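# Architecture at a glance
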Amino acid sequence: MANASPNPPPVTMDTFLEGIWRENPIFVMMLGMCPTLAVSNSVINAVAMGVATALVLVAAAAFASLTRKLIPHQVRLVTYVVVIATFVTIMDYVIHAISLDLYNALGAFIQLIVVNTLILGRVEGHASKRPLLPAVVNAAGVGAGFVLGLFCLGAVREVLGNGTFAGLHVFGPHFQPWLVMMLPPGGFFVLGAWLLLLNWIKARGARRIADKEVTDGIG
Amino acid sequence: MGSDESLWSIFINAVLVNNFVLSMFLGLCSYLGVSARYNTALPMGIAVTFVMVVGSLCAYFLNELLIYFDLEFLRLISYIVVIASAVQLVEMVMKKYAPAVFRALGIYLPLIATNCVVLAPPLFQTARGYDLVQSLVFSLGAGCGYILAIVLLAGLRERMQLANIPSVAQGGALTVILAGFLSLAFMGFAGLGG
């Protein structure tokens, strides 16, 4: 396992950006859906959740990368789960200490970070096979992608469902809130709409390239 | 400590009103992943329910033990380990008695261990202070709710394979929107219980 990649690829900007766009955990990989939808009914909750998850992810990735030659292959999953659970417990206490309001708003979902497939997947599939720097940079990128995805969902849901953005009113006093956006179905619909939009952009891009090839061929 | 909710109301609450998947967004990874076909959705639901009940039972006694020794900060870690063992147990039983289903579920079966829907009942029952019977009824209800949700979605998705859908909507987007409609339907139960 330790010799999986004799020549590790250099750490480039792409190591970081990969997690934000090409392998965005929410929109492309569809990982970590549960907290995504559950806490994305306001911008602040969504971003706080994203940041907490990203910090746990980076810490766990650093740990897995440093101990990649010490942990036997057979027990790696259990080890990683326990490591992640430790960091999540720390995060739980930290959020409790910083802001009680936030702690109550996020509720059990802070502890549920531990079962976020995004973290275990990244730690097991990526960080445990790479040296410290690329592992941490990549984990930070994926974490940033997760925050970005949560922000996209939270912003749409809060603006439509409550008429506010991070607590500030955007539409003036006569806005009739679109309540369903704050409720569970809204989460599914907004995520579905984002996925549709991204699929459409991707399909359009692919079509453009295909068209270009055709015209190039003719010309 | 303790909660005086009646058992019936806890059960209905967990199955319909606060359905774990559709109104609390728990276990969405397996929900979106395994629901493509009805034949795998049902066994998956049953496996999840079983793990939930076993996990909730173990977690209840574990929690008593942790409180006795003043070790509440170890709660999360110990719950996770207990659930992982319960999943292992289900895996072994399934491999022996239902090898076809075992193969069909593939990677999603071990992944139950990192499924939030399974970790949630122990956490919620601790937070709400349910006693032993209440905890069991709660986790059973949560499991039934999961089965109901995943079987409904699997039925819808099987129908969708015959439908002519635009290419942009294929895959994840369609599934998520279908789940949204189901979730909208389940909101109708909100007046029930409470």
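Parameters at a glance
Residues numbered from 1 in each chain as written. Chains lettered and ligands numbered in written order. Predicted model: local features only at pLDDT ≥ 70, side-chain atom pairs only at ≥ 80, totals over all residues. Helix = DSSP H or I, 4+ residues; strand = E, 2+ residues; numbered from the N terminus. Contact = placed C-beta atoms within 7 Å. Rg over C-alpha atoms; globule rule 2.2 N^0.38 Å. Buried ≥ 20, exposed ≤ 12 C-beta atoms within 10 Å, placed from the backbone. Nonpolar A, V, L, I, M, F, W, Y, C, P; charged D, E, K, R; others polar. Expected span 1.5 Å × (residues − 1). pLDDT = per-residue confidence, 0-100. Core = buried A, V, L, I, M, F, W, Y, C linked by C-beta atoms within 7 Å. Axes fitted to C-alpha atoms, helices over the stretch in contact; angles between N-to-C directions. Parallel < 35°, antiparallel > 145°, perpendicular 65-115°, else oblique. Left-handed = near helix turned anticlockwise from the far one by under 90°.

## Section: the overall build of chain A
Check the secondary structure of chain A and you find eight helices and two strands. Along chain A, helices (α) and strands (β) appear in the sequence α-α-α-α-α-α-α-β-β-α when read from the amino end. Considered along the principal axes of its C-alpha atoms, chain A spans approximately 65 × 65 × 25 Å. The contacts of chain A with a sequence gap of at least 6 include a subset with a gap of at least 24, amounting to 78%.

## As for the overall build of chain B
From N to C terminus, chain B includes eight helices and zero strands. Helices (α) and strands (β) of chain B occur, in sequence order from the N terminus, as α-α-α-α-α-α-α-α. Its C-alpha atoms give chain B a radius of gyration of 17 Å, near enough to 16 Å, the size a compact globule of 194 residues would have. Across its three principal directions, the C-alpha atoms of chain B cover 60 × 45 × 25 Å. Here chain B holds 194 residues, and 47% of them are scored as buried.

## A short note on the interface of chain A and chain B
Contacts between the two partners involve 33 residues from chain A, matched on the other side by 34 residues from chain B. It is helix α8 (residues 184–218) of chain A that provides the largest number of residues to the side of chain A that touches chain B, a total of twelve residues. Taken together, the residues of the side of chain A that touches chain B break down into 26 nonpolar, seven polar and no charged.

## Some details on helix α8 (residues 172–186) of chain B
Relative to the 21 Å expected for 15 residues at 1.5 Å per residue, α8(B) spans 21 Å between its end C-alpha atoms, a close match to the ideal helical length. Considered for burial, the residues of α8(B) that qualify are B:G172, B:A173, B:L174, B:T175, B:V176, B:L178, B:A179, B:G180, B:L182, B:S183 and B:F186.

## Looking at the confidence of the model for chain B
Averaged over all residues, the pLDDT of chain B equals 83, while 95% of them reach at least 70. Complex prediction metrics read pTM 0.81 and ipTM 0.79.

## Focus: helix α1 (residues 7–17) of chain B
Listing the buried residues of α1(B) in full gives B:I10, B:N13, B:A14, B:V15 and B:L16. Looking at the buried side of α1(B), the elements it contacts are α7 (132–160) and α8 of chain B.

## Examining unusual backbone geometry
Residue and element names in this part refer to chain B. Positive phi values are uncommon outside glycine, yet F25 reaches one of about 55°. When you line up the elements, F25 lands in the loop between α1 and α2 (28–34). Given 25 C-beta atoms within a 10 Å radius, F25 is considered buried. Positive phi values are uncommon outside glycine, yet D70 reaches one of about 65°. Overall, D70 belongs to the exposed group, with 7 C-beta atoms counted inside 10 Å.

## Focus on the environment of B:G180
Structurally, the position occupied by B:G180 is in helix α8. Taking the C-alpha atoms as reference points, B:G180 and B:L22, 158 residues apart in sequence, are found 8.0 Å from one another. What B:G180 contacts, discounting residues up to four positions off in sequence, is A:P185, A:F188, A:F189 and A:G192.

## Looking at the nonpolar core
Counting residues in each nonpolar core, the largest one holds 118 residues, and the members touching the most others are A:V56, A:A60, A:A61, A:I84, B:V51, B:I83 and B:L119. Ranked by the residues each element gives to this core, the list is headed by helix α3 (residues 43–66) of chain A, at 14 residues. Those residues in contact with A:I84, other than ones at most four positions away along the chain, are A:V56, A:A60, A:V114, A:I119 and A:L120.

## As for the environment of B:Y60
On the secondary structure map, B:Y60 appears in helix α3 (residues 38–68). In this structure the C-alpha to C-alpha distance between B:Y60 and B:P122, which are 62 residues apart in sequence, comes to 7.2 Å.

## Let's talk about the packing of helix α1 (residues 13–20) of chain A against helix α7 (residues 132–162) of chain A
All names here are of chain A. Packing of α1 against α7 brings their axes to within 6 Å, and their N-to-C directions diverge by 30°. Considered as vectors, α1 and α7 are oriented roughly parallel to each other. Relative to α7, α1 is oriented so that their crossing is right-handed. Note on element contacts: α7 touches α1 through P134, V137, N138, A140, G141, V142, A144, G145 and L148, opposite T15, F16, L17, E18, G19 and I20.

## Details of the packing of helix α4 (residues 76–98) of chain A against helix α6 (residues 117–125) of chain A
Between two packed helices, what matters for the description is the angle formed by their axes and the separation of those axes. Residues and elements named next belong to chain A. Put simply, α4 and α6 touch, their axes get as near as 11 Å, and they point 130° apart. On the basis of the axis angle, α4 is oblique to α6. As α4 runs across α6, the sense of the crossing is right-handed. Taken together, the residues of α6 that come into contact with α4 (itself represented by R76, L77, Y80, V81 and I84) are I119, L120, V123 and E124. Counted by class, the contact of α4 with α6 contains seven nonpolar, no polar and two charged residues.

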